[in-house]
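One letter stands for each residue in the lines below.
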Amino acid sequence: MTLAVSRRLPSSGSKNLKNPDMMCSFCNKGNTNPGLVTVHLPLKSGDLLAKKVPAEICDFCGEYYLSDDVTEALFEAKKQAEERNAQLEVLEY
């Protein structure tokens, strides 16, 4: 049986990195722009999907960068999902 939970993560105050002049360190060809991404985090017993996560996204390769606040909120959500032994956790940031 798969457990699916849909809920919103609390806003961390910081929406994204807001650095439009940042060059992508992955491809070294594109620049990043604010946008929303879906983040997948594997759990011990399943998967966590976080939708509409604010990020800086490379306009060339699509690699994305998360702020420290956003990363911290996602790892806290992962920890809580693992404590519940969730098989599937779906969150909207």
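Scroll up a little and you will see the structure.
In this text, all values refer to a predicted model and were calculated from it rather than measured experimentally.

Draft legend 1. Quick peek at the pattern of salt bridges. A full pass over the atoms with the stated rule returns two salt bridges. Here Lys52 ties to Glu92 by a salt bridge, and the two come within 3.8 Å at their closest N and O atoms. Of the two residues, Lys52 sits in strand E3 (residues 47-58) while Glu92 sits in strand E5 (residues 88-92), which places them 40 residues apart along the sequence. For Glu92, a relative accessible area of 23% gives the class partly exposed. Between Arg84 and Glu89 there is a salt bridge, and its shortest N-O distance comes to 2.6 Å. You can call Arg84 partly exposed: its relative accessible area is 39%.

Draft legend 2. Focus on the side chain of Glu89. Within the fold, Glu89 resides in strand E5. Accessibility expressed as a relative area gives 0% for Glu89, which makes it buried. Of note is the side chain of Glu89, whose polar atom sits 2.6 Å from the side chain of Arg84.

Draft legend 3. Expanded view of helix H1 (residues 68-83). An ideal rise of 1.5 Å per residue puts 22 Å on 16 residues; H1 measures up with 23 Å between its terminal C-alpha atoms. Those residues of H1 not exposed but buried are Val70, Ala73, Leu74, Ala77 and Ala81. Along the long axis of H1, the arc covered by the buried residues comes to 95°, so they all point the same way. Exposed side of H1, more than 90 degrees from the buried face: Asp68, Glu72 and Glu83 are the residues found there.

Draft legend 4. Representation of the state of the cysteines within the structure. For the structure shown, the criterion picks out zero disulfides. Free cysteine Cys27: the closest other cysteine sulfur is in Cys58, separated by 3.7 Å. Taking the relative accessible area as the measure of exposure, Cys27 reaches 17% and is therefore buried. A disulfide-free cysteine, Cys61 has its sulfur positioned 3.7 Å from the sulfur of Cys58, the nearest such atom.

Each value, and the rule that gives it
- Residues numbered from 1 in each chain as written.
- Predicted model: local features only at pLDDT ≥ 70, side-chain atom pairs only at ≥ 80, totals over all residues.
- Heavy atoms only, no water.
- Salt bridge = Lys/Arg side-chain N within 4 Å of Asp/Glu carboxyl O.
- Helix = DSSP H or I, 4+ residues; strand = E, 2+ residues; numbered from the N terminus.
- Buried < 20%, exposed > 50% of the residue type's maximum accessible area, 1.4 Å probe, protein only.
- Polar contact = N/O pair within 3.5 Å; in protein donor to acceptor, adjacent residues only side chain to side chain.
- Expected span 1.5 Å × (residues − 1).
- Arc of directions from axis to C-beta.
- Disulfide = S-S within 2.5 Å.

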